[in-house]
Amino acid sequence: MGNFFRGIVRSSAFIRKEIFEILRQPRLVATLVLGPFLILFIFGIGYRDQPTVLRTLFVAQPNSAISPQQIETSVKSVGSQLTYAGSTANLDDALNRLRHGQVDLVVVEPVDAVSTIKSNQQAVFTFYHEEIDPVQVTYISYLGWLFVGEVNQEVLRAFAVQGQKEAVNLHASLQDAHQNLSDMRQAVQSGDQVVAQQKQQQLIGNVDAVSLGVATSLGLLDSLKQAQGTAAANANPPQNTLTDLQQNISQLGTSTDTTDQRLARIDKMDKDLTDLDAQLTEFKSIDPSIIVSPFRNKTKSIANIQPTTAEFFALAVLALLLQHLAVTFAALSIVRERNVGTMELFRVSPLSAAEALIGKYLSYMLFGSVIAAILSALLIFTLHVPMLGNWWYFALVIAAVLFSSLGIGFAISIISQTDSQAVQYSMIILLASVFFSGFIMSLDMLWAPVKVISWLLPTTYGTLLLRNIALRGADPNWGLLAALIALGLVLMLISWQLMRRLITTSE
Amino acid sequence: MTLISPTETGQPQPVLVKDSIISARHLTKKFGGEFAVEDVSFDVPRASIFGFIGPSGSGKTTTIRLLTGVYTPSEGDVSVIDRSPAHFSQRERALLGYMPQLFVLYPTLTVWENLNFAASLYGMGLFRGKRLAEALKFVELYDHRGKLARNISGGMQRRLSLAATLVHDPQLIFLDEPTAGIDPVLRRKFWDHFRELKAQGRTIFITTQYVSEADNCDLVGVQNNGRLLLVDTPQGIRHRAYGGDMVDFRTDQPFDFEAEASLRSLPFVRAKTVRTGPDSMRIIVNQASSDTPQLMAWAQRQNIQVKTVEEYMPPFEDVFVELMRTEVKNG
């Protein structure tokens with residue numbers, strides 16, 4: 001029998017031994033399979049993808065310009081995140097209720113907002129909360145920003161409503177201006193200078209009246225058009241039209257103009273008035289809410305599906321769990337050999353470090369693959385986590401995650417002196433994976449040098465690759481997969497060297 | 001066979017043994033400045049049983065570990081199968097069998113699975129079932145082959161360890177207290193098997209806490225406080241312990257003081273005599289075989305009717321105690 005075949009026999013001893021030892025612990029196997037599945041299942045049915053609702057109490061200032069109804073409207077506009085819990089004039093009482101958990105948020109209206117704004121400063125709404133969770137604090141800041149935005153829009157909307165009301169009067173002034181211009185045309189054609197001058201004065205009065213209202217009303221409309229882009233922005237703004245009108249009216253009386261020139265000016269003025277009238281009609285027809293908030297957003301994903309939060313996290317959990325399983329099993333494996341005393345037998349026997357390690361790798365790969373297959377099947381067929389991609393690629397990524405994780409585990413195992421040391425190291429790897437693998441927060445939120453830790457963790461690769469395959473239906477990112485396998489190979493090499501030292505080097 | 005002889009300083013000096021399979025020279029192992037084994041030299045002839053006895057903590061296990069390559073010597077040289085254990089090849093390791101002092105197999109595997117694992121470790125072929133069964137039958141564990149190792153007794157675990165050590169039919173076998181916790185009947189069976197293995201050309205290096213078992217060895221090394229006191233045949237060790245052979249001398253009438261003084265004055269009789277009864281005495285002579293006729297002649301001259309004269313073989317426990325007592329006395 002050749003030495004190569006004997007090597008296979010020696011490695012196979014470990015495959016059998018490890019599998020038998022694991023199967024002798026059915027409770028452990030059941031926990032490994034059912035534990036994560038149940039956690040995901042309960043998370044899936046228990047997780048409500050809804051934002052936190054904050055009971056919000058308002059502190060109104062004496063002689064407030066904002067009515068409780070306006071406040072309530074603003075609150076409702078923000079969305080379901082805020083619920084109106086009433087209004088009070090006493091800040092201390094409101095803060096007391098906040099401290100006792102009767103409300104979640106106290107919003108204090110700015111003192112004498114009108115004077116502040118008149119003095120060219122922004123009036124400030126103050127939001128009091130009792131949160132210590134940084135995520136919740138950010139959430140409250142965001143809600144505050146939304147709320148103030150709604151209040152600002154409410155003010156602008158009132159302004160637009162007022163502008164539309166005034167537009168009715170402007171329309172009458174424009175009608176008068178049209179009539180006076182028509183009379184003026186007749187007077188110019190008939191050469192009646194007295195009537196012409198009389199109508200010119202009346203027209204000046206009409207245009208002045210219009211200009212006061214149009215400047216604000218049509219200014220809003222013009223801003224809207226400006227915001228729409230180049231085509232609309234090229235149109236003559238109402239303010240320019242008014243300026244043209246006023247210039248033409250004042251120049252109508254100049255003696256240098258011929259009759260034809262004066263009639264041409266009247267035609268131009270007639271056109272401008274018609275234009276203003278049309279813009280005013282358009283302004284009146286637009287909903288004030290649209291005028292103050294002309295744009296809204298709509299998001300559309302070009303991805304094939306939009307997974308739920310539980311579905312999105314399920315694959316990260318799978319990657320994390322497989323890594324933890326492989327790291328823990330491998331970490332305990334060699335340290336236990338040492339504690340049981342078998343390492344002494346190995347040293348005397350013809351067993352090489354590579355043969356022992358290959359046997360252990362294969363046994364745990366086999367065991368991990370079975371666990372992964374059962375868990376994947378449960379996730380996909382029971383929890384209905386989408387699987388849009390290729391099953392072979394999925395299996396390849398799982399195998400690569402297990403392979404790399406075993407490398408970490410064996411390295412831990414060889415440097416650990418006791419079971420508890422190995423478990424501690426494994427827990428540190430788990431903790432690092434939760435924080436640095438993109439499991440709970442995106443990798444983009446990490447400082448670049450810290451990302452080195454992320455890329456040393458198989459979960460980081462596994463999460464990205466599995467999500468891409470299962471949720472996007474894409475092929476694996478081959479570069480990422482190659483990096484994961486390379487990481488596994490480097491770790492295997494390190495483990496082999498450490499194991500060699502352990503088995504072949506005497507004390 | 002030439003054996004080690006004590007020198008004037010009391011330190012055994014190695015004498016080359018022809019065809020030795022193990023050869024240790026000034027072997028020393030220190031742990032943090034403490035000597036576990038100190039300046040130990042001996043040879044183990046091929047196809048022999050070499051017993052290593054000594055009190056607990058005397059360095060027997062450390063010596064075995066130095067010989068098997070588990071430890072490297074702090075000083076000195078060791079050659080096992082003509083090679084330093086630190087540089088054993090896989091083929092050379094396959095020639096060794098090693099049974100550690102403690103049970104080092106897997107508690108969650110069955111007796112059969114443990115033995116199968118040990119056989120695989122030595123690269124035994126796939127059709128090894130018969131050999132495994134034989135090994136288990138030898139240690140009387142075949143009927144327990146389906147039991148988990150953690151559920152069998154300590155003695156059974158020792159037997160399983162022994163089966164695992166012998167399953168691949170090694171040429172050089174290191175056994176660290178293989179008979180500890182084994183009942184006397186099975187212990188005798190083990191020794192019968194060890195002698196059978198020796199007859200087949202195997203060499204056995206064995207440590208034991210049963211000093212009486214030294215009688216089963218071809219050579220015995222006595223170790224104390226990490227130092228090898230002597231290496232000799234069991235008979236030679238007895239001789240050394242008491243300064244000669246012991247002879248029980250019984251007459252038909254009680255000894256009187258005159259006769260006893262006369263007996264002590266004989267040149268081949270050592271000073272120390274022990275009365276074992278009114279008409280019997282245990283004396284130490286240079287060589288029992290050559291001195292017994294002279295003893296009979298002396299009795300005739302003294303008109304003493306001798307009932308029996310026979311060599312007394314003291315139990316090895318007594319020999320060992322005597323050796324340790326001498327060691328303490330000599331500092």
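A quick note: this is a predicted structure, and the numbers were derived from the prediction, not measured.

### With respect to the overall build of chain B
So, step 1. Helix and strand counts for chain B come out as 10 helices and 15 strands.
So, step 2. In terms of overall dimensions, chain B has C-alpha extents of about 75 × 45 × 35 Å along its principal axes.
So, step 3. Looking at the 331 residues of chain B, the share that counts as buried comes to 44%.
So, step 4. Expressed as a percentage of contacts within chain B between residues at least 6 apart in sequence, the contacts between residues at least 24 apart total 68%.

### Looking at the overall build of chain A
So, step 1. Within chain A one finds 19 helices and four strands.
So, step 2. Since a compact globule built from 507 residues should have a radius of gyration of about 23 Å, the 39 Å found for chain A marks it as more spread out than a globular shape.
So, step 3. Structurally, chain A occupies a C-alpha span of about 130 × 60 × 40 Å along its principal axes.
So, step 4. The contacts in chain A between residues at least 6 apart in sequence include a share of 79% that link residues at least 24 apart.

### Describing the sheet that holds strand S13 (residues 269–277) of chain B
All names here are of chain B.
So, step 1. Read across the sheet, four strands follow the order S13-S14-S12-S15 without closing on themselves; strand pairing throughout is antiparallel. Looking at the sheet topology across the chains shown, the edges are occupied by S13 and strand S15 (306–312). On average, adjacent strands in this sheet sit at an angle of 20 degrees to one another, irrespective of strand direction.
So, step 2. Bridge count between strand S12 (residues 245–251) and S15: six bridges; the pairing is antiparallel. Residue Asp-248 lies in a different strand from S15, and its bridge partner there is Glu-310.
So, step 3. Where helix H9 (residues 288–301) meets the sheet, it contacts S12, strand S14 (280–285) and S15, and its direction lies at approximately 160 degrees from that of S15.

### Overview of the domain arrangement of chain A
So, step 1. Each assigned domain of chain A is listed here: domain 1 (9–47 + 310–504), domain 2 (54–130) and domain 3 (157–292).
So, step 2. Placing the centre of domain 1 of chain A and that of domain 3 of chain A at their C-alpha centroids yields a distance of 77 Å.

### Notes on helix H9 (residues 238–252) of chain A
Along an α-helix, residues three or four positions apart point the same way, because every turn accommodates 3.6 residues.
All names here are of chain A.
So, step 1. Taking 1.5 Å as the rise per residue, H9 with 15 residues should run 21 Å; its terminal C-alpha atoms sit 21 Å apart, in good agreement.
So, step 2. Within H9, the full set of buried residues consists of Pro-238, Thr-241, Leu-242, Leu-245, Ile-249 and Leu-252. Around the axis of H9, the buried residues are gathered within 100 degrees of arc, so they sit on the same side. In H9, the exposed positions angled more than 90 degrees off the buried face are occupied by Asn-240 and Ser-250.

### Some thoughts on the interface of chain B and chain A
So, step 1. With 25 residues of chain B at the contact, the number on the chain A side is 24 residues.
So, step 2. Among the elements of the structure, helix H2 (90–93), strand S7 (96–99) and helix H3 (111–121) of chain B are those that each provide at least two residues to the side of chain B that touches chain A.
So, step 3. If one sorts the elements of the side of chain B that touches chain A by residue count, H3(B) sits on top with four residues.
So, step 4. In the side of chain B that touches chain A, the residues fall into 15 nonpolar, eight polar and two charged.

Basis of the calculations
- Residues numbered from 1 in each chain as written.
- Chains lettered and ligands numbered in written order.
- Predicted model: local features only at pLDDT ≥ 70, side-chain atom pairs only at ≥ 80, totals over all residues.
- Helix = DSSP H or I, 4+ residues; strand = E, 2+ residues; numbered from the N terminus.
- Buried ≥ 20, exposed ≤ 12 C-beta atoms within 10 Å, placed from the backbone.
- Contact = placed C-beta atoms within 7 Å.
- Rg over C-alpha atoms; globule rule 2.2 N^0.38 Å.
- Pairing = 2+ DSSP bridges.
- Axes fitted to C-alpha atoms, helices over the stretch in contact; angles between N-to-C directions.
- Domains from an automatic or database assignment.
- Expected span 1.5 Å × (residues − 1).
- Arc of directions from axis to C-beta.
- Nonpolar A, V, L, I, M, F, W, Y, C, P; charged D, E, K, R; others polar.

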